[in-house]
Each structure stands twice: as structure tokens, then as C-alpha cells.
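Structural overview for review
Residues per chain are reported as follows:
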Amino acid sequence: MLGLFIDHDKAYYTHEDRYIEREWQYLKRAWEQNLLGEGHYVVAYCPHCQTSLSNAEVGLGYKEVEDPSMHFKFQVKGKPDEYFVVWTTMPFTIITDLIIGVNPKQDYVKVQVENETWILAKQRVEPIMEILEIENYKIIKTLKGKELVGTKYEYPLMDLIPKQAELDQHPLIHTVVAEEFVDVTTATGIVHLAPANGEDDYSAAQKRELPLFAPFDEQALFTEEAGNFAGHFVRKTDSMVVEELENRGLLLKIGKVKHEYPTCWRSHHKLVWMARREYFIWTNKINKKVMEAAHKVKYFYDSPKNRFLAFLKEGKPWCISRDRVWGSPLPIWVCEECGEKTLVATKQELREKALELPDKDFELHKPWIDRIILKCDKCSGRMVREPFVLDVWHNSGASPYARFTDQEFKELVPTNFLTEAVDQTRGWGNSLLLEHVIYTGKPEAPYEEFLFQGFVLDAKGRKMSKSLGNVLEINKLLQERSADITRFYFLWKCSPIDSMNFDLKELRGRPYQVLSTLYHLHNFFMQNAKYDNFDPQTHTLTWATQQNVLNAPDMWLLSKLQKLVREYTNKAEECEFNFALSQLEDYVVNILSREYVPMIRKDLWSDDPQTLNRRLAVYSTLWYTLKTLVLLSNPVTPFLSEALYQTVYKELDPNLAETVNMENWPTPDTDLEDDALEEEFEILLQTLPVLYSARQNAQLKRRWPLAKTIVIAPKKAQSALKKLEELFLELANVKTAEYADTLPEVDPDRWATASEDELQVLVDKIRDDSLEGEGLMRDLARRVQALRKELGFSPTDIVDAVHIAELEPKAIELLKPFIDEMEALVRAKKVNVHEQQVEIKADWHEDKLDKKKVYVAVV
RNA sequence: GGGCUUGUAGCUCAGUUUGGCUGGAGCGUUCGGCUGAUAACCGAAAGGUCGAGAGUUCAAAUCUCUCCAGGCCCA
């Protein structure tokens, strides 16, 4: 809705067979390189719904629940009186306990309690003793966590679980390990680890290559391997475990605790973490290549780069299997007889190898795909498909190859530029990279540049959410504000990687002003250019140069434009859109609208055929400048650009391309650059406000012409002003100028002054009759102009007569020499001034001039 | 709890990489002015513990450490 170019003919759908077949090619490459295989993964599982939940789903269901709070002890092997003190809210996990963890860097102590020695974190001694209501205890030794590593403990339920007795033979099982994640600020600072029932636990075990002990089935019931606990639902064994520990004298305290714990968002049952059989891409094996590929990408900003690289460096295996119905199937078949596995990556091959096929016309989805039985190459047995579908991130990460043909893939991948929001660091940015490295076998990303963009927040910097009611609805927004102003605001306000506080009020402020000014500049240009029959094909800049009708302001404007094109392009290419747009903003609002237009206004305010070429030169300058601005802003404001292109540029030059999008990107023209001239204008534009300030100090309106100004400035500034004197005098509305190095001796009462830095400007306060008359004429002309506009005349209309009444005789006298000039200025055939309101064909309008009433009428 | 990141005027942002003069801009506010492209514009004024604290240094918004608060991702 905000404007996108989409090639609908090239749309791709990840559920189509041809996409799936090509996606499978990635898996095939992984399979061939031994990068795809079976493993275990600890997932959140809802025992009621009998399904695993994604992380996002887990996040949905945090609730306060009640759980057992069990303090217990593990006896140190060979030391009947020495124990590790441990706390858990899930007693059932003692069944799958394999190791206990301490933090290597933290202090632990041995505490004498009656005849026993207990080991726990130093800082937890007091709170734990309080909980256990033990008053007499003595710290007898302090040691670092790492000193405990390797200590073997007696696994308490060995007699009930024969498999645990078997595992106990392993040198690392039932020993203390060191893990940074162990927190010594809560509980006892010692954790027991059940790798089958916790993610941290699992990775700690995997790191040490421990065998997995996961004695439960798909329904979360303990299997025979769990010995006495077999057949029970895992969580139901909590109380059994508590009882067994108590019988063995290992239970210290059993209570209840309320805490935040994830529950199933559907059934509200407490989730259980369980190791389940899954398929993995062993990206850890190709981490070096992945890192090399990632380092070659340009990210434009350091923070998203650091974040992406840090994430990739973890090199975690990618679990790609999902237990769902919808999704692209995992194309792995397993032999029921010999356990042989095969990966089949095309429909054709499936047909060839099949023992059984579904209907003639099947698609590559459940349930059809599960009905395909293959013949085992090894033993000719029946092979059935692994029931998994693929992680959706695998689908999207496969797009570079899957969506294109081989030829297109060769030509278009790696692509130049991709952009996504920062949350896609672990999403698309990652999956695209991993799959491409696997597919090509090369340390190369499928994108050369990747811009990770920040999030949009509400005006106060809060996350947008339905519950807060601060969600911005784009449809509503677009009813009131254009897509372009929204786009401009997005890119202009802040760096694309920062999160952005979106404020409607702000959008209506400066962004509106910039676009509105650009639009009105075109209006202004069209009004005048059409009136003078400007023809862009004939009246080019080259023509204007040849006719010698380009003046300093035009050349200054054009020089500044080249700088803008260069800077804007550079910033945009670096994705510093906010800086690019603030350059554009400055050029449109300040340089062009506020500074250039007043410089050429007088040239345009004339019908004189003698000066037509000068006016045409201004139009050629504006044509070139405005068109360049429209092209620069086109990526940001495509609708406005197109509208202006059609109604202004194509209107005056029908030979132009069909759309603004067919135009080339502007490049700076060094021939038009003039640093010296820019410097001179810089001085002029610094001097004028000082002069205006001096005027203001003496209450001398800008409309009133003054006799003389004296500028005290460094030599360089003096010469610049002398060079641009005609323009300076006109903009200053002063008849003559003098320049000095130091303040001359003048009558301080006669001269108004203002200064800034090395610059001081004096203006002559004394106005003779002629200056007063001209000033009065311009005051009155201003009133007439306002009235003309109010009455609906267009600027080019010529009115029959203008009447001004209730003027003093002296004023009428002063005005006389300037009536002709006023007639030209207000475009009237005749200007009449009266002492009283006379009978005329039009209505009199009251106005105020320096607190006195005047009456104006236009016929 | 971990990683990345942000904190500068009433608001929105520059400036921090490479320490250096009195910390800037736009918007907003107040007063005055200007305006036949403009919903604009010009002049002046008020407005700052540069998130807090400590350290390094002749010198810190800028470098280091700790803390506080916000954001994203993960746990």
C-alpha cells in the first residue's frame, strides 16, 4: 500500500511441488556432505495436546503456577557424611539426572551441620539455612566451583533404575561439571542436570559427549528403561521421587512454590521439556565457511553486523524437523527391516523407487507423501517416510535456488541487496546464508548486502500492541495522509537501524513542509513558464549559456545542485537515508525556496518582451533543478514524483519517457560546479540577515527602500559582496553600499547597526521624500496584492483600476512619482489615489497601514 | 539471566569512530517582522546536571568501569 514494485509473473509459492523439489536439492547436498542427520532436541511439549510447541508458542503461555519446592542432597561418593545440597521444582527429573553443575568462578563452601558436611554456594548459606530452619552450622572450608569439578556423587535411585546403574560406569556421569550458566544468586547455587528434560542440561551433556538417557515415549510416559517408574506420566512421578528420597534420608525439605512457568496456550497444562528425536543440519561442521561468508557481506552498520556475526558464531546445529501436518515434507525414508535411510529429492525418483504409490496424481504433501513406500536398496525391505515436515525457515531460506531456474540462479544469485527487520537476523538472514553455503559448498552468502532495519514503535517509544491500543493502522493513516509523506517520514526521521518512534503529529510537520514546498515550487514554475511559453527542448541550459542570460543566482543554484546529487547519492548508497533526505530537505526548503526564488522573483515579475530571454533562462534553470530533485526523491516519494513527472515534465515535453521510473539516476555535472561562486553566495547569505537585523533594530521594514548601507567586513567578504552588489542591493532593498575594514566615524543616531562574528552592517535611517514615497507605494501595493488574491484574481490577470482612499495629502504627493511603478507591480491599467472614499464600481476594503486606516478597491 | 543497541533543549535528532575553542539543527513556545508558489518564511529571546556515579587526562557529550532506564533477539 505504501508502494512496491512487484513482479507478479515471478511470484513463487513454497507449497508448490516444483518449489519443494528444488528446496529438496539443498537437503540433498547436505545429505551428501553428511551435514544432515538425526539427533535429539529438547522441546517444550504439552502432555495434554501431545504436541511439541514452538518457542513463540511457549512465550504465549507464561502463567503463575504451583510446583513442588524440593531441597535434597546427593552424597559424595566414598564420603558417607558429605553431601551436595540441591533444589528443584521438578522432582521427576531426578530420574533422568546425569550430572550436577556448579559455576566455576564462584565461591562454594563446605558447611558443618551436625555430623554432616554440606556443599553449596557461599552466598546461599544463610538463606538456605533459614529455609531449612537450621541454626547451628559452621563454614569449614571455602573453595572455587572449579575445584569441585569431577567429584563423583552417589546416584540415589540406582536400585530402582537399572539403566542408571549402567550409565554410572561412564567416567563423567554422576559427577560435578562446571557451567557458566549456573546461577549462584538463587537456590543453592548447585543444579542437578537432567539432559533429557532441559535445554541447558542437554547442551551441557552434549558438549561432554554423554550418552542420552531419555526413557519416555511420544505420550510423555516413562518407558521400561526408567525401571520402577515405567508406565507413569512423567510429571506424575514427582511424589514417588520425593518419597524415595525421603526413604533414603536424602530429602531436606519439601514444600510448594508459586512461580512463572510456561503452560500450553491451548490447554493451559504445564509444559514439559523433553528430548525428542529430530533431524538436524549440522551447521556446526561448516561454521568456518559460514563465518567467512558472513564476513564478506556488507551490513552498512556495525550493530546489526555484530549481532549477526555473534549469533552465527554460536554455530548451533539447525533443527529442521517439525511435528506438523502442514509443511514441506522431509524427504527421508527409513527401512523397516534394516534401518537403512535414504533421501530422495525428486518426484521422478520417488516414482522409480516406490513399492507403493498413492493415487496417480499425488502432490508432495501429507497425507499422500506418507503413503509412498520405497524399496530398500540394501535389503529390498519396505522403507517408510520419517513423519516430519520442514521448519518453515528452511522453506524461505531455500528461495534463491528454489524460486529461480538454474539459469536465473546463476545470473541473479548472489543478489545485490536485501533488507529485513532486525528480528530476521536469526530468521531469514540466517537461513538464506546457511543453505547457500551448503548448496554451493562455497564460503559465500546469497546476498552481497543486507540491511537489517529497526522496529517501529509508538510516539512514546513503546512497542505497538493490541493490548496497549497503540497500533498504527495503515489504512486509517492513508485515509488522512499520503503514502509518500509516510514513506518520507520513515526514511527521513532516523537511521534505518534505529527503532523509530512513529508520531503522527511529527509526520504532519516538517515532512509535509518539504513535500509541499517541492510541489508548490512546481506550481510556481508552471504558472510562469507556461505564461512565457517556455519550451524545454529549445530553452536548455546550453541555450541560456549561449544567449548569456544565465546569472549568478542560477549558476550558484546549479552548482549547489551538483553537490546535492553527489552527497545524496553517496548517503543513499550507504543506506544513510536520513542523512540523504536532510540534504534534500535543506536544498528544497532553504536553498531553492527560501534563497533562490527571492533572487529571481523580480526577473519573473515582468511582461517585458525585452527580458523574455532572461525569464526563459530562469525556467531552464528551474526545469533542470526541479527535475533532478524529482528524480532524487523518486525512490522515497514515487507517487508525487510520478504525478509531477506527468503534469509538469511530460506536459511541457511530450517526448519524455512514459514514466519517471524510466529516467536515469542523476549524476553530478562537474562543469556546473563553481566553488568560488558558492563561497561568495555564502558571504552574501550571511550578510543579509545581519542587515535585516539592523533594519529591525530601527523599525525599518524590509519593504522600505533605504539610501545606504555600510558593511564592515574582511577584505574577502567585501570583494564577494562587491561582485554580487546588484543582487545584494536588491535583496537588501538599499540604494547604495559602501564597504570598510573598520568602523568609520559616523553619527550613531543616524545609523542602525547589527553585527555577527567579523561582520558589522550599518543602515542609514534617514529617508528622503523619494524613499518614503517608494516605501509607501510598496506598503500599499502589498495591500492591493492581498486584496487581488482575496478577490480571486490570478497573478497574471490585469485589472482595470485600483483605488486607494483616505490618504493624507502629503502621502498622495509622495506617491505621485511611483504610480507608474505601482501600476506595473500590481498589474493594473490605472492606479488612483484619493483623499476620501469616492463613488466607484467596486467595494471598498478596509485595511491598516501603520495603525492608520486605508481603503483599497480593485475593479 | 545472556548478546546487540539506545539515552544530548519541551519534542525529534546530529555531534562520540580519531577527546580540544562558547555542545548544534529542525520542530514547538514568546515577542517583532515579511509574503502573489508555499500549509511557508525572516529576526530576536527563553530553553541543556549531554541518563547517574566514579576513573583516565592539561582537557571528557566523546575513552574506561559500575549502575539506572528503553528497544530487539535469545534464555
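Cut-offs and rules
- Residues numbered from 1 in each chain as written.
- Chains lettered and ligands numbered in written order.
- Predicted model: local features only at pLDDT ≥ 70, side-chain atom pairs only at ≥ 80, totals over all residues.
- Heavy atoms only, no water.
- Core = buried A, V, L, I, M, F, W, Y, C linked by side-chain atoms within 4.5 Å.
- Buried < 20%, exposed > 50% of the residue type's maximum accessible area, 1.4 Å probe, protein only.
- Helix = DSSP H or I, 4+ residues; strand = E, 2+ residues; numbered from the N terminus.
- Domains from an automatic or database assignment.
- Contact = heavy atoms within 4.5 Å.
- Near = heavy atom within 4 Å.
- Polar contact = N/O pair within 3.5 Å; in protein donor to acceptor, adjacent residues only side chain to side chain.
- Phe/Tyr/Trp six-rings, centres within 6.5 Å; stacked < 30°, edge-to-face > 60°.
- Lys NZ or Arg CZ within 6 Å of the ring centre and 35° of its normal.
- Pairing = 2+ DSSP bridges.
- Axes fitted to C-alpha atoms, helices over the stretch in contact; angles between N-to-C directions.
- Parallel < 35°, antiparallel > 145°, perpendicular 65-115°, else oblique.
- Nonpolar A, V, L, I, M, F, W, Y, C, P; charged D, E, K, R; others polar.
- Arc of directions from axis to C-beta.
- Salt bridge = Lys/Arg side-chain N within 4 Å of Asp/Glu carboxyl O.

**Overview of the nonpolar core**
One finds Phe525, Leu592, Leu626, Leu629 and Phe728 to be the most contacted residues of the largest nonpolar core, which totals 93 residues. Among the elements that take part in this core, helix α21 (residues 577-604) stands out by supplying 13 residues, more than any other. Domain assignment of the residues forming this core places at least three in each of domain 3 (488-673) and domain 4 (676-767). Residues contacting Leu626, with those up to four places away along its chain left out, are Leu518, Leu521, His522, Phe525, Leu592 and Tyr649.

**Describing the domain arrangement of chain A**
Under the domain assignment, chain A is made up of domain 1 (12-41 + 278-453), domain 2 (51-277), domain 3 (488-673), domain 4 (676-767) and domain 5 (770-858). Taking only C-alpha atoms into account, the centre of domain 2 sits 85 Å from that of domain 4.

**Digging into the protein's contact with RNA strand B**
In the vicinity of RNA strand B there are 41 residues, among which Arg594, Arg601, Lys701, Arg703 and Arg788 approach most closely. Within the contact set of RNA strand B, a sugar or linking oxygen lies 3.3 Å away from a side-chain nitrogen or oxygen of His520. One of the side-chain nitrogen or oxygen atoms of Arg594 is found 2.4 Å away from a phosphate oxygen of RNA strand B. Secondary-structure elements contributing two or more residues to the surface near RNA strand B are α9 (302-314), α18 (510-531), α21, α24 (675-697) and α27 (769-790). Among the elements that line the surface near RNA strand B, the one with the most residues is α18, at 8 residues.

**Section: the packing of aromatic side chains**
Aromatic ring pairs are reported here in terms of the distance separating the ring centres and the angle at which the planes meet. Applying the stated criterion across every chain, the model contains 28 aromatic pairs. Residues Phe300 and Phe417 carry aromatic rings whose centres are separated by 6.0 Å and whose planes lie at 65 degrees to one another, so their mutual orientation is edge-to-face. Placement of the pair is Phe300 in the loop between α8 (287-296) and α9 and Phe417 in strand β21 (residues 415-421), with a sequence separation of 117 residues. Note on Phe300: relative accessible area 16%, which makes it buried. Relative accessible area serves as the criterion here: at 35%, Phe417 is assigned to the partly exposed category. Taken together through their ring pairs, the aromatic side chains of Phe525, Phe534, Tyr619, Trp623, Tyr645 and Tyr649 make up a single cluster. The lysine or arginine in question, Lys73, covers the ring of Tyr83, its NZ or CZ lying 4.4 Å from the ring centre. The cationic tip of Lys347 hangs over the ring face of Phe362; the distance from NZ or CZ to the ring centre is 5.2 Å.

**Examining the pairing of strand β7 (residues 116-121)**
Burial within β7 is extensive, with 5 of its 6 residues counted as buried. Pairing between strand β4 (residues 82-88) and β7: 3 bridges, direction parallel. Among the inter-strand pairings, Phe84 is bridged to a residue of β7, identified as Ile119. Sheet topology places strand β6 (residues 107-113) next to β7; 6 bridges connect them, and they run antiparallel. The residue bridging Val113 from the neighbouring strand is Glu116, located in β7. Adjacent in sequence and paired antiparallel, β6 and β7 are bridged by 2 residues, among which Glu114 carries a positive phi angle near 50 degrees.

**So, the environment of Trp623**
Tracing the chain through its elements places Trp623 in helix α22 (residues 612-633). Under the relative-accessibility criterion, Trp623 is labelled buried at 11%. Residues Trp623 and Leu210, 413 residues apart in the sequence, show an inter-C-alpha distance of 76 Å. Leaving out residues up to four positions away in the same chain, Trp623 has contacts with Phe525, Phe534, Pro536, Val648, Tyr649, Leu652, Asp653 and Leu656.

**Describing the packing of α21 against α22**
It is the contact of α21 with α22, at a shortest axis distance of 12 Å, that shows an interaxial angle of 170 degrees. Between α21 and α22, the interaxial angle falls into the category roughly antiparallel. For the pair α21 and α22, the contacting residues are Leu584, Tyr587, Val588, Leu592, Tyr596, Ile600, Asp603 and Leu604 in the first and Arg614, Arg615, Val618, Tyr619, Thr621, Leu622, Thr625, Leu626, Leu629, Leu632 and Ser633 in the second. Residues of the contact of α21 with α22, tallied by class, amount to 13 nonpolar, 3 polar and 3 charged.

**Some points on helix α29 (residues 819-826)**
All buried positions along α29 are accounted for by Ile819, Met822, Glu823 and Val826. Along the long axis of α29, the arc covered by the buried residues comes to 105 degrees, so they all point the same way. Seen from the buried face of α29, the exposed residues on the opposite side, beyond 90 degrees, are Asp820 and Ala824.

**Concerning the pattern of salt bridges**
By the definition in use, this model includes 43 salt bridges. A salt bridge links Arg235 to Asp238; the nearest nitrogen and oxygen atoms lie 3.2 Å apart. Assessed through its relative accessible area of 8%, Asp238 is described here as buried. Asp391 is the partner of Arg322 in a salt bridge, and the nearest nitrogen-oxygen pair spans 3.4 Å. With Arg322 in strand β14 (residues 321-322) and Asp391 in the loop between β20 (389-390) and α11 (392-397), this residue pair connects regions lying 69 residues apart in the sequence. Under the relative-accessibility criterion, Asp391 is labelled buried at 5%. Taken together, the salt bridges that share partners define one network made up of Glu38, Arg277, Lys341 and Glu386.

**Quick word on the sheet that holds strand β27 (residues 751-756)**
The strand order across the open sheet built from 4 strands is β26-β25-β28-β27, with neighbouring strands paired in mixed fashion. The sheet is open, and its two edges are formed by β26 (734-740) and β27, each paired on a single side. Within the sheet, the average angular offset between the axes of one strand and its neighbour, ignoring direction, is 20 degrees. Pairing of strand β25 (residues 706-712) with β26 involves 6 bridges; the strand directions are parallel. When the bridges of β26 are listed, Ile710 appears paired with Glu738. Those strands touched by helix α26 (residues 725-732) are β25 and β26, and its axis lies near 120 degrees from that of β26.

**Details of the packing of helix α20 (residues 552-573) against α21**
Interaxial distance between α20 and α21 falls to 9 Å at its minimum, and their mutual angle equals 170 degrees. Comparing their axes, α21 and α20 come out roughly antiparallel. Split into classes, the residues belonging to the contact of α20 with α21 amount to 18 nonpolar, 1 polar and 5 charged.

**Structural notes on unusual backbone geometry**
A cis amide bond links Lys366 with the next residue in sequence, Pro367, at an omega value of 0 degrees. Summarising the element assignment, Pro367 is placed in the loop between β17 (354-356) and β18 (373-375). Following Val413, the chain continues to Pro414 via a peptide bond in cis, the omega torsion being 0 degrees. In this fold, Pro414 is placed in the loop between α13 (406-412) and β21. Phi is positive for His174, close to 65 degrees, though the residue is something other than glycine. Tracing the sequence through the fold places His174 in the loop between α5 (162-167) and β9 (176-178). Residue class for His174 comes out buried when judged on its relative accessible area of 0%. Of note, Asn548 is a non-glycine position whose phi angle comes to about 60 degrees, a positive value. Structurally, the position occupied by Asn548 is in the loop between α19 (541-546) and α20.

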